[in-house]
Amino acid sequence: MRCPFCRHSDSRVVDSREVDEGQVIRRRRSCSNCGRRFTTVEEAVLAVVKRSGVTEPFSRDKVVRGVARACQGRPVDEDALQQLAHRVEESIRSTGCAEIPSHEVGLAILGPLRELDEVAYLRFASVYRSFTSVEDFEKEIADLRAAIRDKESS
Ligand SMILES: [Zn+2]
């Protein structure tokens with residue numbers, strides 16, 4: 001990492017601290033040429049591989065935006081959305097893979113969303129699973145009912 005002031009390539013770390021539950025490390029550096037200080041941020045990147053093959057960093061905000069669309073008009077607040085996105089991120093991190101196909105992100109959203117709001121879940125699932133007919137909805141609703149029954153009887 002070059003010094004932003006003099007472009008010198010060597011610096012020494014004077015302080016480092018973990019941010020965001022240890023997923024980000026900030027290092028305070030001192031340039032060994034000009035002595036000025038600057039900060040670097042190091043983050044382990046979870047990459048999402050899109051269908052086109054392009055990768056982009058996993059983004060909790062993007063999950064929130066995607067789910068928020070399905071939740072329009074539903075009694076789901078910002079906090080619940082943030083929590084859901086957090087759960088999605090946790091479950092993706094727990095797979096141990098640094099590169100996740102985008103459809104697996106969708107899959108990781110479905111479970112928590114079903115618990116959060118069933119209507120939003122159906123909307124999201126219809127887009128994600130590309131429902132093409134009323135039968136697709138009927139089947140999904142049947143599964144949803146079965147899952148609710150299982151939950152109530154357990
Ligand atoms: Zn410098």
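Please read all numbers here as calculations on a predicted model, not as lab measurements. (Residues numbered from 1 in each chain as written. Predicted model: local features only at pLDDT ≥ 70, side-chain atom pairs only at ≥ 80, totals over all residues. Heavy atoms only, no water.)

S.K.: Lay out the overall build of the protein with the relevant residues and their values.
M.R.: When helices and strands are tallied, the protein shows five helices and six strands. When its helices and strands are written in sequence order, the protein yields β-β-β-β-β-α-α-β-α-α-α. Against the compact-globule benchmark of 15 Å for 154 residues, the protein has a radius of gyration of 21 Å, which places it well outside the compact range. Counting only C-alpha atoms and orienting by the principal axes, one finds that the protein spans roughly 70 × 35 × 30 Å. Each of the 154 residues in the protein was classed as buried or not, and the buried ones make up 29%. When the accessible surface of the protein is totalled, it reaches about 10,200 Å², and 47% of it is carbon and sulfur. (Helix = DSSP H or I, 4+ residues; strand = E, 2+ residues; numbered from the N terminus. Rg over C-alpha atoms; globule rule 2.2 N^0.38 Å. Buried < 20%, exposed > 50% of the residue type's maximum accessible area, 1.4 Å probe, protein only. Areas by Shrake-Rupley, 256 points an atom, 1.4 Å probe, with all protein chains shown as cover.)

S.K.: For the pattern of salt bridges, give the residues involved together with the corresponding values.
M.R.: Applying the stated criterion across every chain yields a total of ten salt bridges. Of the charged contacts in the structure, one is a salt bridge between Glu89 and Arg60, with a shortest N-O distance of 2.4 Å. Placement of Glu89 in helix H2 (residues 78-93) and of Arg60 in helix H1 (residues 60-70) is noted, with a sequence separation of 29 residues between them. Look at Glu89 and you get buried, because its relative accessible area is 5%. One salt bridge connects Asp117 with Arg74, and the closest N-O pair in it is separated by 2.9 Å. A residue pair is termed long-range when its members are at least 10 positions apart, and Asp117 in the loop between helix H3 (102-116) and helix H4 (118-128) and Arg74 in the loop between H1 and H2 qualify at 43 residues. Its relative accessible area of 7% is what places Asp117 among the buried residues. Arg74 gets classed as partly exposed once you look at its relative accessible area, which sits at 30%. When salt bridges that share partners are traced, they join Lys50, Glu56 and Lys62 into one network. (Salt bridge = Lys/Arg side-chain N within 4 Å of Asp/Glu carboxyl O.)

S.K.: Which residues make up the environment of Ala108, and what values do they have?
M.R.: Looking at the element boundaries, Ala108 is found in helix H3. The buried category is assigned to Ala108, whose relative accessible area is 16%. Beyond its immediate sequence surroundings of up to four residues, Ala108 is in contact with Val88, Ser91 and Ile92. (Contact = heavy atoms within 4.5 Å.)

S.K.: Which residues make up the coordination of the zinc ion, and what values do they have?
M.R.: Bound to the zinc ion on the protein side are Cys3 (SG), Cys6 (SG), Cys31 (SG) and Cys34 (SG), at distances that span 2.3 to 2.4 Å. Note that the zinc ion binds four donor atoms; their angles at the metal cover 104 to 120°, and the shape is tetrahedral. Binding-site remark: the zinc ion is held by donors from one chain whose sequence spacing is C-x2-C-x24-C-x2-C. You can see Cys6 sitting in the segment before strand E1 (11-19) and its partner Cys34 sitting in the loop between strand E2 (24-31) and strand E3 (37-43), a full 28 residues away along the chain. (Donors = N, O, S within 2.8 Å, 3.2 Å for Na, K, Ca; no water. Tetrahedral: all angles 85-135°; square planar, octahedral: opposite > 155°, others 65-115°.)

S.K.: Outline the UniProt feature "domain: ATP-cone" (unreviewed entry) in the protein, supporting the account with residue identities and numerical values.
M.R.: Under the present numbering, the feature "domain: ATP-cone" (unreviewed entry) in UniProt falls on residues 46-136. In residues 46-136, the share of helix is 62% and the share of strand is 10%. The end C-alpha atoms are 32 Å apart. (UniProt positions renumbered as here; feature names shortened; annotations may be inferred.)

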